[in-house]
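So you can see what is in the structure, the chains are spelled out below.
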Amino acid sequence: MTTRYRQVKVRVVRVGPHTTHISVPTYAAGQILVPVATFDLMSATGMTRAQLTGADLTATANVDATTDTDLHLHDWQAPAH
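Residues numbered from 1 in each chain as written. Predicted model: local features only at pLDDT ≥ 70, side-chain atom pairs only at ≥ 80, totals over all residues. Heavy atoms only, no water.

A. Local environment of the environment of threonine 66. Note that threonine 66 resides in the loop between strand E4 (56–62) and strand E5 (74–77). Remark: the alpha-carbon pair of threonine 66 and tyrosine 27, spanning 39 residues in sequence, is separated by 8.3 Å. (Helix = DSSP H or I, 4+ residues; strand = E, 2+ residues; numbered from the N terminus.)

Written out as structure tokens, the structure is:
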């Protein structure tokens, strides 16, 4: 079985000093928050912690994931303004 990855919309729900929690609507209807390292997310998007709070982003995800760790979120992008 091959893993399918695609770009998905995500929303930053909570930003902490070490861990940020992301809602992925295509996974568990967005009800399970996925933990991501805050520093990694800031580095990838160029956004500050304050800017990340409530932000809508995109990320590449394993669309066949059955657990949050199987999502393998990466290639973060902030929408162009």
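What follows continues from the structure just given.
B. Inspection of the pattern of salt bridges at higher detail. Within this structure, the stated rule accounts for two salt bridges. For the salt bridge of arginine 4 with aspartate 64, the shortest nitrogen-to-oxygen distance reads 2.9 Å. Residue arginine 4 is found in the segment before strand E1 (5–15), and its partner aspartate 64 is found in the loop between E4 and E5; the two are separated by 60 residues along the sequence. We classify aspartate 64 as partly exposed; its relative accessible area is 27%. The salt bridge partner of aspartate 56 is arginine 11, with a shortest N-O separation of 2.7 Å. In this pair, aspartate 56 sits in strand E4 while arginine 11 sits in strand E1, placing the two residues 45 residues apart along the sequence. Judged by its relative accessible area of 41%, aspartate 56 is partly exposed. (Salt bridge = Lys/Arg side-chain N within 4 Å of Asp/Glu carboxyl O. Buried < 20%, exposed > 50% of the residue type's maximum accessible area, 1.4 Å probe, protein only.)

C. Representation of unusual backbone geometry within the structure. The backbone of alanine 28 shows a phi angle near 50°, a positive value even though the residue is not glycine. For alanine 28, the position within the fold is in the loop between strand E2 (19–23) and strand E3 (33–37). What makes alanine 28 partly exposed here is its relative accessible area of 36%. At alanine 29, a position not held by glycine, the phi torsion is positive, near 55°. With respect to the element layout, alanine 29 can be found in the loop between E2 and E3.

D. Expanded view of the pairing of E3. Residues Val34 and Val36 of E3 are buried on one face, while the alternating residues Leu33, Pro35 and Ala37, pointing to the opposite face, are not. Where E2 and E3 come together, five bridges link them in antiparallel fashion. If you follow isoleucine 22 over to E3, its bridge partner there is valine 34. (Pairing = 2+ DSSP bridges.)

In short, the description is geometric, and any link to function would need to be established separately.
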